[in-house]
Amino acid sequence: MGTEQYIAELLYRYNCVIMPGFGGFLTQMKSAVIHSNSHSFSPPSKVISFNGQLSSNDGLLVSYMAESEKISYEEMLQRIEKESSAWKQTLKDGKRLTLPNVGELWENKDHKIQFQPSNQVNYLTTSFGLSSFVTAPVVRETLKEEVVELEDKIPFIITPEVRQQSRSFRPYLKYAAVILLAFATGLTGLRFYNNTVNDQQLVQEEAQEQVARNIQEATFFNSAPLELPALNLEITKKDQVHYHIVAGGFRAKENADKKVSQLSEKGFEATNLGVNKHGLHLVAYGTFTNVDEALQYLREIKRTESSDAWLFQE
């Protein structure tokens, strides 16, 4: 694995990684940005810069590479110094030096090193899983103006609720009962001249019974609740979600296992979650099935153990 790949791995955890004899790669926090012109969103990230004056060996890169490749510190230091000389010669020859996932370097006319960072990787671990996206613009005012213009041309008819319809229907039932009563009364008066007193009483009783029956039917259909068919729903239980509080990601499995042992000695229920899509072995302080408990535990870890801990949902 090349030196630039080791530099990229260290940029996840450190704000300054120095290539001895060449220069230092620095990272600086950048807040989330909303681009109003392009209607896009960029998550929080780390911005990489280069400083050629930071060329003194601080031991970070040499120790990390020596431990990863199982060689001595002095041997790795000599190897890095030779590679730094080769990088400088490439720039002096007027060529561009490309470091994958880090950036591109070249010399200008004044023989000063210029650096263009790579935007392919977000080195801010707390923004893991977030990516830039573009959304369609929201045209609230335009739609509002179109609706107002439409209302002027076409009147809207608002349909009242069912309960209001039933209430407004009640007076018509009352009117129907009055008309029916008047009709029955007129019929009774007509039969008064043609029938005997007994027939008159019989007709009046029948008319009253008919009115009462119609009123009862109107009341029944007006007040009886509407019976709806039973609705059977089949609810399928979703798979249980796990929330992991991640301590860090490691390229080498041995380093991940070592981190698990260290956390276990401190009393954490640490586990190795396996390899993610970036090829890193993720080590977790603990795992939860309740998101509130996971967030509370994450805040406690950030306060007492490590501010670089982050939440991973599986």
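Residues numbered from 1 in each chain as written. Predicted model: local features only at pLDDT ≥ 70, side-chain atom pairs only at ≥ 80, totals over all residues. Heavy atoms only, no water.

Within an unreviewed UniProt entry, the label attached to the chain reads SPOR domain-containing protein, and the organism entered is Sediminicola luteus.

Undergrad: Explain the sheet that holds strand S10 (residues 243-250) here, please?
TA: Strands belonging to one sheet form pairs held by backbone hydrogen bonds; the direction of such a pair is parallel or antiparallel. Reading across from one edge, S11-S12-S10-S13 is the order of the 4 strands in this open sheet, with antiparallel pairing throughout. The open sheet has two edge strands with one neighbour each: strand S11 (271-275) and strand S13 (310-313). Adjacent strand axes in the sheet meet at a mean angle of 45 degrees when their direction is disregarded. Along the sheet face, helix H7 (residues 253-265) touches S10, S11 and strand S12 (281-288) and points at about 30 degrees away from the line of S12. (Pairing = 2+ DSSP bridges. Helix = DSSP H or I, 4+ residues; strand = E, 2+ residues; numbered from the N terminus. Axes fitted to C-alpha atoms, helices over the stretch in contact; angles between N-to-C directions. Contact = heavy atoms within 4.5 Å.)

Undergrad: Got a minute to help me understand the environment of Ala-8 in this structure?
TA: Within the fold, Ala-8 resides in helix H1 (residues 3-11). For Ala-8, a relative accessible area of 10% puts it in the buried group. C-alpha of Ala-8 to C-alpha of Leu-99: the two residues are 91 residues apart in sequence and 9.1 Å apart in space. Those residues in contact with Ala-8 that sit more than four places away from it in its chain are Val-102 and Tyr-123. (Buried < 20%, exposed > 50% of the residue type's maximum accessible area, 1.4 Å probe, protein only.)

Undergrad: Got a minute to help me understand the pattern of salt bridges in this structure?
TA: Where charged atoms from two side chains of opposite charge come close, those side chains can pair. Per the counting criterion, the structure on display carries 7 salt bridges. The salt bridge partner of Glu-104 is Arg-96, with a shortest N-O separation of 3.3 Å. With a shortest N-O distance of 3.0 Å, Glu-305 and Lys-266 are connected by a salt bridge. Placement of the pair is Glu-305 in the loop between helix H8 (291-304) and S13 and Lys-266 in the loop between H7 and S11, with a sequence separation of 39 residues. (Salt bridge = Lys/Arg side-chain N within 4 Å of Asp/Glu carboxyl O.)

Undergrad: Could you clarify how one ought to interpret the pairing of strand S1 (residues 16-19) in this entry?
TA: The two faces of a sheet get side chains in turn, since along a regular strand they alternate between them. Direction of pairing for S1 relative to strand S2 (residues 23-30): antiparallel, over a ladder of 4 bridges. What sits directly across from Met-19, in S2, is Gly-23. The loop that links S1 with its antiparallel partner S2 comprises 3 residues; one of these, Gly-21, has a positive phi angle of about 80 degrees.

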